[in-house]
Structure formats: structure tokens, C-alpha cells
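An overview of the molecular structure
What follows is each chain in one-letter form.
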Amino acid sequence: MDIIEAIEKRRSVRTFNGIPLSDDIREELLSIIDSSRDPFGGSVTIRLRRFDTKGEYRPGTYGIIRGASDFFLVGMADDSQSSLSAGFRFEQVVLQARQLGLGTCWIGATFKGSDFDRNETWPDGEHLKAVSPVGIARNPGIMEKLTRLAAGSNGRKPFDELFRNAGHDRNGIGPDNRFRKALEMMRLAPSSTNSQPWRAIVDGEEVHFYCRQKNSWSMLDCGIGLCHFCLTEEHYGHPGQFIKTDIRPDAPAEWLYITSYRRCR
């Protein structure tokens, strides 16, 4: 499975087969964590831990997590840059876990005092902000299907609502545009309550990215979307880099500028 297949086939998994991960798989996941990259410089720590959840964990509106004993823990600082970095880094782990045949589910919440945070020491300024079960998925039951339906997890906004061209042709990013595939993969990224806060304007050899703030997780969600975009560009051999620039097209007032991506010549 290549990274494009992983993006297209990834879904949030809440029901697992109840078998803990083997030592070999855990070692591979730890290696994936160590090699995850971050172009934004935030303060983020990712760990893999085993917990006795007695087969069932109820993280609020995320539905019931069943059959998982291995969990990723994501600690981060409270600033927007760290949220962006956390989304970008951990989504790499999620997608590579999918390539190994494993299921995951992003869960963002306040974990202070929980079993997940007990006995954990985080770098200065960081707190546990997200966890994810990881393991072999079982077929989802009716309650998991209803949870996905209630969250709108299967729906995506139209491409042209999220992404536009600069200049006069504001709504037309054609199928032959260099950035079209990467933006399509960004559109498939998961987000809290399926809010899809990422926005982009293509301007020649640059793409300018924005956040349309929906909730406190929007910047982290944008990091996830940017990860999809970047990995797709790399997959197709399109070199580029993230930059900050003051020279960019006009954007709606409610769009918060995040970063730009420039094609390397």
C-alpha cells in the first residue's frame, strides 16, 4: 500500500480484535515516531503505551473504543504552532500505521488525571492533548456506524469550496494543475467534528494555506491536512518547501493565514 492508498483508505477505527500488538510491530511503530518530520517547529512529543482498558474505553462523543490495549499519546504545548506541528507529525504516524494494516482513531480531549496521563512526564510546557488506539480492526458494529454517521465522517465539502485559484479564475483549479492531486488528498484529511477548516489559494508555483477557525482543534486539523498535501507532493516527486510570505493573494477576512508552499525549481 503506497501513501496515496493509505490516505484514501484510512478511516477512524473504534473496534479492534483485542490482541495486543507484537513486540516487532511496536518496535516498528516506535521507529516511525522517531522518523516523523515537522517543518513548523512546534513543541510535540509522541509516545506508544499499553493500557488495561478492560476492553472498552468511552471517550465522550467519539463513541466507544473496544478491544484496544495499545495507544499513541500526543503531548504538545498550548500555542498554535505546536498544534500545527502535532497534526502534521502524528498524521504521518497514523498513515504509516495504516500501511502496516493497523487501525487508529484520533481522540482529542482533556486527559489530565486520566489513566493515559498518569505517571507520564512531559517536556516543559507540553500537556497530553490527544490519544489514539492502534491495532487490528474488527468489522464495525452498528453503534460505530451510527457514531460515524452522527459525526458526518463520510462527508466532505466540495473541492471548490475549499480551494481556489488566485486572480480572475478564482474557482477553477483544473485537473492538470500541478497541485490538484495534493489538494484532493488534503480534502480527505480527518478533522474534529468533520469541520474541514483548511483553505488554500493556488498562485502559480505557490499555494497559500489558511485556517477557517471552527473550534479549538482547527489548527491541529490544518496540520493533518498539510501533512496529506506534503506527502502527496513527495510521492509524485514534486519538490517544494513551506515558507512564510507577506506577498500573497487577497483572501476572505475570516481565513487565517498559516503558511505557503513553494515549488522548488
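So, here's what we can say about the structure.

**Comments concerning the overall build of the protein**
Each helix and strand counted, the protein has seven helices and twelve strands in total. Within the protein, the proportion of its 265 residues that are buried is 52%. For the protein, long-range pairs separated by at least 24 residues make up 74% of all intrachain contacts whose partners lie at least 6 apart in sequence. Surface exposure of the protein reaches about 12,600 Å², of which carbon and sulfur atoms provide 47%.

**Overview of unusual backbone geometry**
Backbone geometry places Asn 119, a non-glycine residue, at a positive phi of 70 degrees. On the secondary structure map, Asn 119 appears in the loop between β6 (107–108) and β7 (127–135). The backbone phi angle of Asn 194 is positive, close to 55 degrees, even though this residue is not glycine. For Asn 194, the position within the fold is in the loop between α6 (180–187) and β9 (198–203).

**Some details on the state of the cysteines**
Within the structure shown, the criterion is met by zero disulfides. As a non-bridged cysteine, Cys 227 has Cys 230 as the owner of its nearest cysteine sulfur, 7.2 Å distant.

**Some words on helix α3 (residues 80–99)**
For α3, with 20 residues, the first-to-last C-alpha span of 29 Å sits near the 28 Å given by 1.5 Å per residue. Of all 20 residues making up α3, 15 are buried, and the element is well covered by its neighbours. The N-cap of α3, judged by a side-chain oxygen 3.3 Å from the amide nitrogen of Gln 81 a few residues on, is Asp 79. Directly beyond the C-terminal end of α3, a positive phi value near 90 degrees is found at Gly 101.

**Observations regarding the pattern of salt bridges**
Taken as a whole and assessed by the stated rule, the structure comprises 13 salt bridges. In this structure, Arg 50 and Asp 70 form a salt bridge, with 2.9 Å as the shortest nitrogen-oxygen distance. Here Arg 50, found in strand β1 (residues 44–50), pairs with Asp 70, found in strand β4 (residues 70–76); they are 20 residues apart in sequence, far enough to count as distant. Taking the relative accessible area as the measure of exposure, Arg 50 reaches 41% and is therefore partly exposed. Taking the relative accessible area as the measure of exposure, Asp 70 reaches 1% and is therefore buried. Several salt bridges converge on common partners, so that one network encompasses Arg 26, Arg 50 and Asp 70.

**Considerations on a negative patch on the surface**
Taken together, the side chains of Asp 23, Asp 24, Glu 27 and Glu 28 present a region of like negative charge at the surface. With respect to the element layout, Asp 23 can be found in helix α2 (residues 23–35). For Asp 23, a relative accessible area of 58% translates into the label exposed.

**Notes on helix α7 (residues 218–235)**
When the terminal C-alpha atoms of α7 are compared, their 26 Å separation across 18 residues agrees well with the 26 Å that a helix rising 1.5 Å per residue should span. Burial runs high along α7: 16 of the 18 residues are buried. Positive backbone phi, approximately 70 degrees, marks Gly 237, located one or two places after α7.

**Structural notes on the sheet that holds strand β8 (residues 163–165)**
Taken in spatial order, the five strands of this open sheet run β8-β9-β10-β12-β11, and their pairing is mixed. At either margin of the open sheet sits one strand with a lone partner, and together these are β8 and β11 (240–243). Each neighbouring strand pair of the sheet contributes to a mean axis angle of 20 degrees, computed without reference to strand direction. In this structure, β9 lies alongside strand β10 (residues 206–211), joined through six bridges in antiparallel fashion. Its bridge partner being in β10, Ile 201 is matched across the sheet by His 208. Against the sheet, α6 contacts β8, β9 and β10, and its axis sits at roughly 175 degrees relative to β9.

**Regarding the packing of α2 against α3**
In contact at an axis separation of 9 Å, α2 and α3 are set at 145 degrees when each is read in the N-to-C sense. Two packed elements cross with a definite hand, and for α2 against α3 that hand is right-handed. Contact with α2, carried on its side by Leu 29, Ile 32 and Ile 33, involves Arg 89, Val 93, Gln 96 and Ala 97 of α3 and no other residues of that element. Looking at the contact of α2 with α3 residue by residue, the class counts come to five nonpolar, one polar and one charged.

Cut-offs applied
Residues numbered from 1 in each chain as written. Predicted model: local features only at pLDDT ≥ 70, side-chain atom pairs only at ≥ 80, totals over all residues. Heavy atoms only, no water. Helix = DSSP H or I, 4+ residues; strand = E, 2+ residues; numbered from the N terminus. Buried < 20%, exposed > 50% of the residue type's maximum accessible area, 1.4 Å probe, protein only. Contact = heavy atoms within 4.5 Å. Areas by Shrake-Rupley, 256 points an atom, 1.4 Å probe, with all protein chains shown as cover. Disulfide = S-S within 2.5 Å. Expected span 1.5 Å × (residues − 1). Polar contact = N/O pair within 3.5 Å; in protein donor to acceptor, adjacent residues only side chain to side chain. Salt bridge = Lys/Arg side-chain N within 4 Å of Asp/Glu carboxyl O. Patch = residues over 30% accessible without salt bridge, like charges linked within 9 Å, V, L, I, M, F, W, Y side chains within 5 Å. Lys, Arg positive; Asp, Glu negative; His and termini not counted. Charge placed at Lys NZ, Arg CZ, Asp CG, Glu CD. Pairing = 2+ DSSP bridges. Axes fitted to C-alpha atoms, helices over the stretch in contact; angles between N-to-C directions. Left-handed = near helix turned anticlockwise from the far one by under 90°. Nonpolar A, V, L, I, M, F, W, Y, C, P; charged D, E, K, R; others polar.

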